[in-house]
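# What the coordinates show
Below, each chain spelled out in residue letters.
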Amino acid sequence: MEQSSKKRLINVLQGKAVDKIPCLSVTQTGTVELMDRTGAAWPAAHSDPEKMADLALAGHEIAGLEAIRYPYCLTVLAEIMGCNVRMGTKDIQPSVLTHPFSDGPEKLKIPEILLEKGRIPVILKATEILKARTENGTDYEVPLIAGMEGPLTVFTHLAEIKNCLIWTIKKPDYFDVFMETCTEICIEYANALFEHGADVVCMPDGGIVGSRMMPPSVLEYSVKPFYKRFCKKVKGPRILHICGDIGDSLKTLSECGFDAISIEEKVSIKAAKASIGDKARVIGNISPSQTLLLGTPASVKAEAKQCLSEGVDILAPGCGIAPRTPLANIRALVEARDEWYNEKN
C-alpha cells in the first residue's frame, strides 16, 4: 500500500522504512512561473497569508513536490527584533538592511507578545489556511514544512557577521547573550508554527559554519549547546539546513538532536552519511543554481538519480530554489525518483 507523502516524510525523519524516498524541498519554493500561474507574487506573498498559502500550495499541486514549504525568506525574526528589511521584488527575496545591535547586546531583549509582532501572524495564518486546504475535501495528505531562521542567522542579522566572529574570541559573553536570546525566540516561534498546524520546521542556519569562518571549537562549545536546547524544547520534527561545505562539522551537528540535516552539493552524500551515521537523516543535494536553474530536465534527472544511488534519505534541492528556475526542471525531480525505482525493478 502506497503511503501518503506526509506519512512517508514523518517515517523517514523517524528512521522508519518507507515505500519510496520522499522528493520535496525543505528550502524556499517560490518561483516566477508559479507566481504567474497563481497570481500570488512576491513581495505581496511575503505579507498576505492567502497569497503566501496559494504560492506554497503551487509547489505541490503544480510543481509536483511532495511537501508544501513556506514562507520564502529569512528575515521574519530579524524584522521583529528591529532590523530594517527591504522586501525585494518578484524575483528577489527580502534582505536585511540594518544591524541594530552592532555595538553589543546591552539593549537586546525578547519583545513582549512576540507572536503578535511583524509578519509572524501572517505566517501563522498561512499555516492554518494550508492545513485546512490539505485536510478538508482532499484525498491526499501533504506535509507542511515551515521555514524559519535559526539563532545564528538572527544573531548575524542583528549584529553583523564580522561582530559575531570577533566576539567568539574577544567577547564570548556577548556571543552567549545573543545566542541565548535568539535561541529562545526561535523556540517560541517554532512551537507556535506546530501549534497552528505545521508538520515539520526547517531551520536554515549557520552559513558562517559552512563558509569555514567559524572555528570548530566555537561550533562545539558555543553553538552546539544552543542547538541542543532548541531541539529539546521544540515540539515537533526539526530539520537543519546549512549552506556551504559543512563536511567537517557534520558529526558535531548530528549530535544536536535534529531529525535531519539538509546539505548542499559541496558535501558528498556518502561522506555525510558516514559522518552522521544513524543520528539524523540526510537531505539533498541537487544543485539549485547549476542544475535546477541553468540545467535541463535531463541533467536534473541525472543528478537526482546520482543522489538516490548514493543513499540520500530525502531527495531535495541543496538550497532554496531560485525564482527563475524552470517549472519543468522542478517537475523532473519527482519524475527522476519514480524512474529510479522503476529502473531498479
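Being a predicted model, the structure only gives us computed values, none of them experimental.

## Description of the packing of helix H8 (residues 172-195) against helix H10 (residues 216-233)
Any two packed helices are characterised by how steeply their axes cross, that is the angle between the axes, and by the distance between the axes. Packing of H8 against H10 leaves a shortest axis separation of 9 Å and a crossing angle of 25 degrees. Comparing their axes, H10 and H8 come out roughly parallel. Crossing geometry of H8 relative to H10 is assigned as right-handed. The residues of H10 that touch H8, namely those facing Phe175, Asp176, Met179, Glu180, Thr183, Glu184, Cys186, Ile187, Ala190 and Asn191, are Val218, Ser222, Val223, Phe226, Arg229, Phe230 and Lys233. Classifying every residue of the contact of H8 with H10 by side-chain character gives 9 nonpolar, 3 polar and 5 charged.

## Structural notes on the side chain of arginine 238
Looking at where arginine 238 falls in the secondary structure, it is placed in strand E6 (residues 238-241). Given a relative accessible area of 13%, arginine 238 falls into the buried group. Polar side-chain contacts of arginine 238 include one of 3.0 Å to the backbone oxygen of glycine 236.

## A closer look at the pairing of strand E8 (residues 281-286)
Of all 6 residues in E8, 6 are buried, a share of seventy percent or more. With 3 bridges connecting them, strand E7 (residues 260-262) and E8 associate as parallel partners. Each bridged residue has a counterpart across the sheet, and for isoleucine 261 the counterpart in E8 is valine 282. With helix H12 (residues 269-276) bridging E7 and its parallel neighbour E8, the resulting β-α-β unit is right-handed.

## Some points on the side chain of glutamine 28
Residue placement: glutamine 28 occurs in the loop between helix H1 (5-13) and helix H2 (32-38). Residue glutamine 28 is classed as buried on the basis of its relative accessible area of 5%. Looking at glutamine 28, its side chain comes within polar contact range of the main-chain oxygen of isoleucine 321, at 2.6 Å.

## Some remarks on the environment of proline 326
You can see proline 326 is positioned in the loop between strand E9 (314-317) and helix H15 (327-344). For proline 326, a relative accessible area of 27% gives the class partly exposed. For proline 326 and valine 32, which are 294 residues apart along the polypeptide, the C-alpha to C-alpha distance reads 8.7 Å. Dropping the residues within four chain positions of it, proline 326 is found in contact with Glu33, Leu292 and Leu293.

## Quick word on the nonpolar core
With 108 residues, the main nonpolar core has Tyr70, Leu152 and Phe230 as its most contacted residues. Other than its neighbours up to four places away in sequence, phenylalanine 230 contacts Met148, Thr183, Cys186, Ile187, Ala190, Met203, Arg238 and Phe258.

## Examining the pattern of salt bridges
In total, this model carries 26 salt bridges according to the counting rule given. Close ionic contact of aspartate 36 with lysine 90 constitutes a salt bridge, the shortest N to O distance being 2.5 Å. Separated by 54 residues along the polypeptide, aspartate 36 in helix H2 and lysine 90 in the loop between strand E2 (85-86) and strand E3 (95-96) bring together distant segments of the chain. Among the ionic pairs, lysine 301 bridges to glutamate 339, the shortest N-O distance being 2.8 Å. Here lysine 301, found in helix H14 (residues 297-309), pairs with glutamate 339, found in helix H15; they are 38 residues apart in sequence, far enough to count as distant. Under the relative-accessibility criterion, lysine 301 is labelled buried at 18%. One salt-bridge network, in which partners are shared between bridges, spans Arg8, Asp19, Lys20, Glu66, Arg337 and Asp338.

What counts, and where the lines are drawn
Residues numbered from 1 in each chain as written. Predicted model: local features only at pLDDT ≥ 70, side-chain atom pairs only at ≥ 80, totals over all residues. Heavy atoms only, no water. Axes fitted to C-alpha atoms, helices over the stretch in contact; angles between N-to-C directions. Helix = DSSP H or I, 4+ residues; strand = E, 2+ residues; numbered from the N terminus. Parallel < 35°, antiparallel > 145°, perpendicular 65-115°, else oblique. Left-handed = near helix turned anticlockwise from the far one by under 90°. Contact = heavy atoms within 4.5 Å. Nonpolar A, V, L, I, M, F, W, Y, C, P; charged D, E, K, R; others polar. Buried < 20%, exposed > 50% of the residue type's maximum accessible area, 1.4 Å probe, protein only. Polar contact = N/O pair within 3.5 Å; in protein donor to acceptor, adjacent residues only side chain to side chain. Pairing = 2+ DSSP bridges. Right-handed = clockwise from strand over helix to strand, strands pointing away. Core = buried A, V, L, I, M, F, W, Y, C linked by side-chain atoms within 4.5 Å. Salt bridge = Lys/Arg side-chain N within 4 Å of Asp/Glu carboxyl O.

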